[in-house]
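One letter stands for each residue in the lines below.
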Amino acid sequence: MSSKFPEDATPVAGLALSKKTALVTGASRGIGRAVAARLGRLGASLAICARSRGELERTAESLRNEGMRVLPIVADLTRADEIQQMIEQTCTQLGEIEILVNNAGVGLFGPFHERSESEWDAVLDTNLKSVFLASRAVASRMIRLGRGHIINISSLASKSAFPGGAIYCASKWGLMGLTACMAEELRSHGIRVSVVCPGSVATDFSPHSGRDPATLLQPGDVAYAVAMLVTQSPQSFISEVDVRPLRKA
Ligand code: NAP
């Protein structure tokens, strides 16, 4: 298979995830797309979701051209009913979800006292509440299977404070607590819940003007960490991965 996504073209040996179904949220572009491509190259059947149909369909087509089985689902993760439908459609058409990557997220920055309640809701509903809803919907199914991975894409912003970051940091700091408690509840069922915290990644998410590109992560770097988590040794539980560019800005 030749890669359409040069940012994550590192070859992967073997098909460690064949017969497994992975659902990656926010996978029409950026980190989610790279994660989906990497899991697909490991043999997983893929469900990918986003709000914008055109971009999602184009990504699905590119992945299919690499030989992957892909189900694109248009869903707005700020809506509980659409999350539930997305989970049910994935399980019906691809089989039980063994890997859920809660990646979709939005950034909104600026002084907190100038932000509106609706902006707070949009960020928290996307970055935090959707992870609760999607994970809740798959947890009982994974418990019945006796295995599974839930991987939440957080940020190094979940461990730092900076001016203009209040709403985004609140969502990502909250995500860390949610992840850690979910992990403690599910590990006895053979389910790993883990979190990946990247630094700045070269995507459309936020402007990186003036930054030396060599000091930014690429989406494929995050995808590599996700692939590592889902292929770890049977009795280990890698709970948290921080990902930084090798060269400092
Ligand atoms: P991106 O390029 O903007 O992609 C975001 C993806 O999420 C898109 O597919 C987008 O598609 C989807 N999405 C957004 N809101 C959604 C919603 N309500 N329902 C369904 N899908 C939605 O962003 P990215 O850089 O890849 O970021 C992915 C994750 O990594 C986020 O959680 C972000 O916080 C985290 N992260 C990013 C960076 C960075 O520097 N880029 C650093 C650390 C962590 P639609 O717009 O079509 O819905």
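That block above? That's the structure.
Residues numbered from 1 in each chain as written. Predicted model: local features only at pLDDT ≥ 70, side-chain atom pairs only at ≥ 80, totals over all residues. Heavy atoms only, no water.

### Thoughts on the sheet that holds strand 1 (residues 21-25)
Spatially, 3-2-1-4-5-6-7 is the arrangement adopted by the seven strands of the open sheet, whose pairing is parallel. One side of each edge strand has no neighbouring strand; the edge strands of this open sheet are strand 3 (70-74) and strand 7 (240-243). Each strand axis lies, on average, 15° off the axis of its neighbour in the sheet, ignoring direction. Pairing of strand 6 (residues 191-198) with strand 7, which is carried by four bridges, proceeds in the parallel orientation. (Pairing = 2+ DSSP bridges. Helix = DSSP H or I, 4+ residues; strand = E, 2+ residues; numbered from the N terminus. Axes fitted to C-alpha atoms, helices over the stretch in contact; angles between N-to-C directions.)

### Some details on empty space enclosed by the protein
Evaluated as defined, the whole model comprises one cavity of 30 Å³ or more. In this structure, the largest cavity encloses a volume near 30 Å³. If you trace the largest cavity, you find it lined by Thr-25, Leu-77, Asn-102, Asn-103, Ala-104, Thr-126, Ser-130, Val-131 and Ala-134. Per-element tally for the lining of the largest cavity: the top contributor is helix 4 (residues 117-145), with four residues. (1 Å grid on protein atoms, 1.4 Å probe; cavity = no way out; pocket = protein on both sides within 12 Å on 5 of 7 lines; lining within 4 Å. Points joined across faces, edges and corners; volume = space filled by probe spheres on them.)

### Some points on the pattern of salt bridges
Evaluated as defined, the whole model comprises 14 salt bridges. Where Arg-29 meets Glu-55, a salt bridge forms, and the shortest distance between an N and an O atom there is 2.8 Å. Note that Arg-29 is positioned in the loop between strand 1 and helix 1 (30-41) and Glu-55 in helix 2 (residues 53-65), a separation of 26 residues in sequence. For Arg-115, the salt bridge identified is with Glu-119, shortest N-O distance 3.0 Å. Overall, the relative accessible area of 26% leaves Arg-115 in the partly exposed class. Glu-119 gets classed as partly exposed once you look at its relative accessible area, which sits at 24%. Put simply, Lys-20, Glu-98 and Arg-147 are held in one network by salt bridges that share partners. (Salt bridge = Lys/Arg side-chain N within 4 Å of Asp/Glu carboxyl O. Buried < 20%, exposed > 50% of the residue type's maximum accessible area, 1.4 Å probe, protein only.)

### Focus: the site of the ligand
Near the ligand, the surroundings consist of 30 residues, among which Ser-28, Arg-51, Ser-52, Tyr-168 and Thr-203 are the closest. Between the ligand and Arg-29, the relevant distance is 3.3 Å, taken from an oxygen atom to a side-chain nitrogen or oxygen of the residue. Residue Asp-76 places a side-chain N or O atom 3.1 Å away from a nitrogen atom belonging to the ligand. Taking 890 Å² as the accessible area of the ligand by itself, protein coverage stands at 97%. Of the pockets mapped on this structure, the ligand occupies the largest pocket. When the residues that make up the shell around the ligand are grouped by side-chain class, the tally is 12 nonpolar, 13 polar and five charged. (Near = heavy atom within 4 Å. Polar contact = N/O pair within 3.5 Å; in protein donor to acceptor, adjacent residues only side chain to side chain. Areas by Shrake-Rupley, 256 points an atom, 1.4 Å probe, with all protein chains shown as cover. Sits in = over half its atoms within 2 Å of the grid points. Nonpolar A, V, L, I, M, F, W, Y, C, P; charged D, E, K, R; others polar.)

### Notes on the layout of surface pockets
The volume enclosed by the largest pocket comes to roughly 1,000 Å³. If you trace the largest pocket, you find 43 residues lining it, with Gly-105, Gly-107, Tyr-168, Thr-203 and Phe-205 closest to the centre. Elements represented by at least two residues in the lining of the largest pocket include exactly helix 1, strand 2 (45-50), helix 4 and helix 5 (166-186). In terms of residues, the lining of the largest pocket owes the most to one element, helix 1, which gives three residues. Among the residues forming the lining of the largest pocket, the class breakdown is 17 nonpolar, 19 polar and seven charged.

Just geometry here; none of it tells us what the structure is for.
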